[in-house]
Number of protein chains: 2
Amino acid sequence: MSFPPHCDVFPGVGMDCCVIPLRHGGLSLVQTTDFFYPLVEDPYMMGRIACANVLSDLYAMGITECDNMLMLLSVSQKMNDKDRERVMPLMIQGFRDAAEEGGTSVTGGQTVINPWIIVGGVASVVCQPNEFIMPDGAVPGDVLVLTKPLGTQVAVNAHQWLDQPERWNKIKLVVTKEEVKEAYQEAMFSMATLNRTAAGLMHKFQAHAATDVTGFGLLGHANNLAAQQRNEVAFVIHNLPIIAKMTAISKACGNLFNLVQGTSAETSGGLLVCLPREQAAKFCSEMKSQSSGAGGQGAAGGAWIIGIVEKGDRRARIIDKPRIIEVPPRGSQAANQDNSSTSPAPSPNLS
Amino acid sequence: MSFPPHCDVFPGVGMDCCVIPLRHGGLSLVQTTDFFYPLVEDPYMMGRIACANVLSDLYAMGITECDNMLMLLSVSQKMNDKDRERVMPLMIQGFRDAAEEGGTSVTGGQTVINPWIIVGGVASVVCQPNEFIMPDGAVPGDVLVLTKPLGTQVAVNAHQWLDQPERWNKIKLVVTKEEVKEAYQEAMFSMATLNRTAAGLMHKFQAHAATDVTGFGLLGHANNLAAQQRNEVAFVIHNLPIIAKMTAISKACGNLFNLVQGTSAETSGGLLVCLPREQAAKFCSEMKSQSSGAGGQGAAGGAWIIGIVEKGDRRARIIDKPRIIEVPPRGSQAANQDNSSTSPAPSPNLS
């Protein structure tokens, strides 16, 4: 028994939520919990990310509402009173603000003292059957869409290395400090973005199944999702949208992160959605227009066609030389020049 | 902002659960979460205690059903693989078994690596209005009943001191090692006992309000409960049922625990229930017969009349010289001789 940071020792692994039939007229209780340790320095953004990460499991089932959130917190015993009073209210506020953006609120929780700071929560909703999409309906011919770029772990680590010369020396030939800072900002905003828009569009465009991409990386979660399909299908991934420069960093580190292999951990990653072929491009285009409308944050609020569903043995794979889509950080020069975040066809390509 | 181990930084403090009105016909989502660190050595019993502790918040509202539980766990990074594989499955099994005893099951959760072991959970139920009792209906003339003896913290600490000569020397004049071991066993079984029977009897005997006794101690939770009453009432506590010998230990330590003052922390303590005067003795007697019937565990499965509700300013107090009811550990000589766990009238008495 060995527990990676995001593992789940409970049944129904591939499922992002538990779905409990209730004693009351056809309703189900859908619930999820997640907690972890801070990975960005800004406590307010960390609170937002933690909340987005919890809600993401509901969104992966096409659920757009949440009836209640509980917050799980620990205060580090190593913090002095001043730091605690500065940091914890900001983190709580970030969590609350993201919950409000999700149309819900935080009405309870638990706080303990611990060596490390913990932040997380529980999201619960009582649903009618038509409110959620069971993640088991993929059919051959479907198209796979991803709604956030990969590379958050690489960006967070590279940002820490700015202050560690021996680490920085390994990557300074492939990336500038400015690019690392931009990528870190991009990762932070991306992780703090709710997958709620995508959840709503899953209904509009008749998604067949979805999951969210977190600790096991794109390929890990794609495999989990493939494993629980009713039909004998396989997921084949051709394109990898990745925050700009993160591929180069990963390679410069000797593939330390396995980013291009698809197993680099993500936090509060995007939804991986199986859509009918004729709906995928429309889904992507509406994701793009809705996100630039709402947050006005450009490039990352998008969606990319990344692969296809074939007949197969319920596994997922990435093709030999996937096309890397370098996603420019929002606000960067590149983002302002090239804002196209949808690729119309899943065409294999050289990286 | 300072957080005691069991504090709650969220609104609705006096409430043990959050109650969320749902979008569906008059139903409410009632939820609670709790997690903490192991305090007994037996991992299986620790799992049971953690589960009983989470469910207790539902039971305090007279709710006897639970639709779902999530489990929150951390594995200590300091454990080697062997210890981990031995300890964690037992703790999980204890938690699951207690959930099953509560008529529910554990369908999800989250596990992380942490310096310390954490164990806890989330309990959720969707209720019709008649399934729960809002804890705000106490009236003058009501009688206060407590369904588990106090002193769990003292018992757990005294047991640790068996191996610490400098600590043990302070208490060895008032207690034997055998008595400490019996008290520790008693505390462990008491903490692992579900308050579900009491929750059911709250309906049968028209309870007006209740809470469960945990981190703030009897007086702390009595104060919280008094503070949220609709009527202008005060709670006056005359009797303190306490695991045998724990009062003597607490006094020998210079009131380190404030046990008789009512603020010694309890874990998975009993329910403090406000009952109509004419119902209180019947509630106690049925608690006793149901618990000796079910677990056959005698003395601790009981209930004690501990005080009364008067007109007042929504506070609780313990009288100057409360009567101490020494509750013998189940299985002990004393327990076999004197199994009367109900005191028929709330009579103030000398300690």
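Heads up: the structure comes first, above all this text.
Because the structure is predicted, anything quoted here is derived from the model rather than measured.

**Some remarks on the packing of helix α1 (residues 43–59) of chain A against helix α5 (residues 177–192) of chain A**
Residue and element names in this part refer to chain A. Packing of α1 against α5 leaves a shortest axis separation of 7 Å and a crossing angle of 45°. The orientation of α1 relative to α5 falls into the category oblique. In this structure, α1 uses Met45, Arg48, Ile49 and Ala52 to contact α5, whose residues at the interface are Met188, Phe189, Met191 and Ala192. Here the residues of the contact of α1 with α5 sort into 7 nonpolar, no polar and 1 charged.

**Describing helix α6 (residues 196–204) of chain B**
Residue and element names in this part refer to chain B. Where α6 is concerned, the buried positions are Ala198, Ala199, Leu201 and Met202. Viewed along the axis of α6, the buried residues span an arc of 165°, placing them on a single side of the element. The positive-phi residue at the C-terminal boundary of α6 is Gln206, with phi of around 50°.

**Focus: the pairing of strand β8 (residues 233–243) of chain B**
Residue and element names in this part refer to chain B. Among the 11 residues in β8, 11 count as buried, and that is most of the element. Sheet topology note: the β8/strand β10 (residues 304–311) ladder contains 5 bridges and is antiparallel. In the sheet register, Ala234 faces β10, and the bridge partner there is Glu310.

**Considering the pattern of salt bridges**
Across all of its chains, the model carries 22 salt bridges over all chains by this definition. In this structure, the salt-bridge partner of Glu131 of chain B is Arg23 of chain A, at a minimum N-O distance of 3.0 Å. Of this pair, Glu131 of chain B sits in the loop between β5 (118–127) and β6 (143–146) while Arg23 of chain A sits in the loop between β1 (18–21) and β2 (28–36), placing the two residues on different chains. Taking the relative accessible area as the measure of exposure, Arg23 of chain A reaches 43% and is therefore partly exposed. Across the pair Arg315 of chain B and Asp313 of chain B runs a salt bridge whose closest N-O atoms are separated by 2.7 Å. Classification of Asp313 of chain B as partly exposed rests on a relative accessible area of 46%. Residues joined by salt bridges that share partners form a network here, namely Arg23 of chain A together with Asp67 and Glu131 of chain B.

**Brief notes about the interface of chain A and chain B**
Counting residues at the interface gives 58 residues for chain A and 58 residues for chain B. Overall, the association of chain A and chain B removes approximately 5000 Å² of surface from exposure, summing both partners, and the carbon and sulfur fraction of that is 63%. Run the count over chain A and chain B and you get 4 salt bridges. At the surface where chain A touches chain B, the tally comes to 19 residue pairs in polar contact (both at pLDDT 80 or more).

**Here's the deal with the sheet that holds strand β2 (residues 28–36) of chain B**
Residue and element names in this part refer to chain B. If you walk across this open sheet you meet the 5 strands as β1-β2-β5-β3-β4, and the pairing is mixed. With one partner strand each, in any of the chains shown, β1 (18–21) and β4 (106–114) form the two edges of the open sheet. Strand-to-strand twist of the sheet, defined as the mean angle between neighbouring strand axes without regard to direction, takes the value 15°. Strand direction decides the pairing type here: β2 and β5, joined by 9 bridges, are antiparallel. Looking across to β5, one finds that Leu29 is bridged to Val126. Against the sheet, helix α1 (residues 43–59) engages β2, β3 (68–76) and β5, with an angle of about 145° to β2. Relative to β3, helix α2 (residues 81–101) is tilted by about 160°, and along the sheet it contacts β3, β4 and β5.

Procedures and definitions
Residues numbered from 1 in each chain as written. Chains lettered and ligands numbered in written order. Predicted model: local features only at pLDDT ≥ 70, side-chain atom pairs only at ≥ 80, totals over all residues. Heavy atoms only, no water. Axes fitted to C-alpha atoms, helices over the stretch in contact; angles between N-to-C directions. Helix = DSSP H or I, 4+ residues; strand = E, 2+ residues; numbered from the N terminus. Parallel < 35°, antiparallel > 145°, perpendicular 65-115°, else oblique. Contact = heavy atoms within 4.5 Å. Nonpolar A, V, L, I, M, F, W, Y, C, P; charged D, E, K, R; others polar. Buried < 20%, exposed > 50% of the residue type's maximum accessible area, 1.4 Å probe, protein only. Arc of directions from axis to C-beta. Pairing = 2+ DSSP bridges. Salt bridge = Lys/Arg side-chain N within 4 Å of Asp/Glu carboxyl O. Buried area = accessible area lost by both parts, 1.4 Å probe. Polar contact = N/O pair within 3.5 Å; in protein donor to acceptor, adjacent residues only side chain to side chain.

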